[in-house]
Amino acid sequence: MFTLSKTCTDLTYESNAYKLLGSQLVDYGSRILLISSQDPKDQFSIKLIKDQLTKAKLTYIESSQKEFFVNKESFIKLQERAETFSVQLVLSVGDFPQIMSGRYISQSLNLNCFEILLTPYIPYLFIPKSLYATRVGNDFGTINISPERVTSILIDPTILRKFEELEIIIITLSMLFDIAQIFLDPENNIISITESRNLFERILVNLENNIFRIDDLIEKSLTASLYHGASTNTELELTLFSLLAGQRFNIDYKYIKVKLLPWLLLEQNENLSIRVREYMDRHNLPFRLAEFSISKQQLLEICPDNIKISKIINTAY
């Protein structure tokens, strides 16, 4: 048995849906912990959301996060602040770090959690987990959250970040990296393997044909998240490595995933690996980790006991 989603959340994908946020939240309490992105591209959207909170006469404290892969110590400090303010619900607005932080706090304090995505794709969207980096930043931890904890996920195209074509390409290749981990894992169930493999092919064909519509990207990313939820094995270890490496070396983790993608495919599907490399060549995207000017040893020190991660670092370097 499997399910397409391991969470029990309402998903809204609709333009201008954020305008109904205040009336939705007021039923759960009036004191909110707002966890927001610091990305300059998100600030206008965050202001619109704050305006909705003010309009509904909701009181909030804000935590504006800088770290991308947040460590557990930061979570605990934020939890203490939320307890002092006697928050009644958590609202996470932004990208991966805001979503993971909101889930951690909501689980720790037994609160409802609402998520508003400002990017079209976030790993672990339908997996009831919160992920964090260890203090030294060379390993990761997870906590399981109640499947009912995330009450609502909102994706509103009118408040998403504005992306250049190259940014959409990087996001899409990054998503392909996660999808590849699903269908290349023989321990996953046959449906998630087969369907994620077909989805990978459809997305790659779109890239090859220069189809860069943001609405199509959102729909494909939601499908990818569903297949991730359907997987027997939901631990995207190489994605977690990329998050840790990105945090440690101050690199956007999506670029690390993109460089690893053709080498992840190479062992089991050489044809897909060649197509990905040819596509990256056309867009002047290098695919060797050495081009980050980080030594192989530094990369191997992250998750040093994971044989799979060490193998792909050696291959991709």
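That block above? That's the structure.
The structure contained in this document is the topic of the report that follows. Just so it is clear, the model here is predicted, and its values are computed rather than measured.

Some remarks on the overall build of the protein chain
When its secondary structure is counted, the protein chain shows 12 helices and 8 strands. For a compact globule of 317 residues, the expected C-alpha radius of gyration is about 20 Å, and the protein chain comes in at 19 Å, within 12% of that figure. Taking the principal axes of its C-alpha atoms as reference, the protein chain extends roughly 55 × 40 × 40 Å. Within the protein chain, the fraction of its 317 residues that count as buried is 57%. The contacts in the protein chain between residues at least 6 apart in sequence include a share of 77% that link residues at least 24 apart. A total accessible area of about 13600 Å² is found for the protein chain, and carbon and sulfur atoms account for 49% of it. Here the protein chain contributes 33 positive and 38 negative side-chain charges, whose respective centroids are spaced 3 Å apart.

Some words on the environment of L289
Assignment of secondary structure puts L289 in the loop between helix 10 (270-282) and helix 11 (296-300). Residues within four places of L289 in sequence aside, it is in contact with I256, K259, L260, L299, I313, A316 and Y317.

Section: the nonpolar core
Of all hydrophobic cores here, the largest spans 92 residues; its most connected members are L173 and F200. In terms of residue count, helix 5 (residues 165-183) provides more of this core than any other element does, 12 residues in total. Counting residues in each nonpolar core, the second largest holds 19 residues, with I32, L48, L53 and L58 among its members.

Structural notes on the sheet that holds strand 2 (residues 31-37)
Spatially, the 6 strands line up as an open sheet ordered 1-8-5-4-2-3, and their pairing is parallel. This sheet does not close on itself; its edge strands, each paired only once, are strand 1 (10-13) and strand 3 (59-65). Between one strand axis and the next, the sheet turns by 15° as a mean value, whatever way the strands run. Here strand 5 (residues 112-117) runs beside strand 8 (residues 150-155); their pairing, made up of 5 bridges, is parallel.

Remarks on the pairing of strand 3
The pairing of strand 2 with strand 3 spans 7 bridges and is parallel. Within strand 3, the residue paired with S36 across the bridge is S64. Of the crossover connections in this fold, the one passing from strand 2 over helix 2 (residues 43-55) to the parallel strand 3 is right-handed.

Remarks on unusual backbone geometry
In this model, Y124 sits at a positive phi of 65°, which is unusual for a non-glycine residue. As for its position among the elements, Y124 is in the loop between strand 5 and strand 6 (129-133). The exposure class of Y124 is buried, given its relative accessible area of 1%. One non-glycine residue, S293, adopts positive backbone phi at about 60°. Examined against the element boundaries, S293 turns out to sit in the loop between helix 10 and helix 11.

Criteria and thresholds
- Residues numbered from 1 in each chain as written.
- Predicted model: local features only at pLDDT ≥ 70, side-chain atom pairs only at ≥ 80, totals over all residues.
- Heavy atoms only, no water.
- Helix = DSSP H or I, 4+ residues; strand = E, 2+ residues; numbered from the N terminus.
- Rg over C-alpha atoms; globule rule 2.2 N^0.38 Å.
- Buried < 20%, exposed > 50% of the residue type's maximum accessible area, 1.4 Å probe, protein only.
- Contact = heavy atoms within 4.5 Å.
- Areas by Shrake-Rupley, 256 points an atom, 1.4 Å probe, with all protein chains shown as cover.
- Lys, Arg positive; Asp, Glu negative; His and termini not counted.
- Charge placed at Lys NZ, Arg CZ, Asp CG, Glu CD.
- Core = buried A, V, L, I, M, F, W, Y, C linked by side-chain atoms within 4.5 Å.
- Pairing = 2+ DSSP bridges.
- Axes fitted to C-alpha atoms, helices over the stretch in contact; angles between N-to-C directions.
- Right-handed = clockwise from strand over helix to strand, strands pointing away.

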